[in-house]
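# A closer look at the structure
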Amino acid sequence: MSHNLSLAQNHAFQLAYTLMVPVTLFKSGDEYGVVPSDEIDDGDDLDIIHEYNPHDRRPAH
């Protein structure tokens, strides 16, 4: 978890392209986090910011 959005965005982008799986950047409270997208549950109390998908050819930002 990070309090810095820019740092979290960079880590999410790098993680998605390293693992070659979609990852989701989210906010919980006053912190940002990154998790593989398939681990997000509908019941999680998260504010989804962006999904980084390494298989999508559109720009991530």
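One can find the structure itself at the top, above this paragraph.
Scoring rules and cut-offs
- Residue indices follow the written sequence of each chain, beginning from 1 at its first position.
- Side-chain atom pairs in this predicted model are given and counted only at pLDDT of 80 or more, local residue features only at pLDDT of at least 70, and totals for whole chains, interfaces and linings cover all residues.
- The side-chain quantities take in all heavy atoms of the structure and omit both hydrogens and water.
- In this description a helix means any DSSP run of H or I spanning at least four residues, a strand means any run of E spanning at least two, and both kinds are numbered starting from the N terminus.
- Whether two residues are in contact is decided by their heavy atoms: any pair within 4.5 Å suffices.
- Any pair of nitrogen or oxygen atoms within 3.5 Å is treated as a polar contact; in protein, a donor-acceptor pairing is required on top of that, and neighbouring residues in sequence qualify only through side-chain atoms on both sides.

This part covers the environment of His3. In this structure, His3 sits in the segment before α1 (5–19). It is 9.0 Å that separates the C-alpha atoms of His3 and Gly33, two residues lying 30 residues apart in sequence. With residues near it in sequence (within four places) discarded, His3 still touches Asp30, Glu31 and Tyr32. Polar contacts involving the side chain of His3 include one to the main-chain carbonyl oxygen of Asp30, which spans 3.2 Å. Within the local environment of His3, its side chain forms a polar contact with the side chain of Glu31, the two groups lying 3.3 Å apart.

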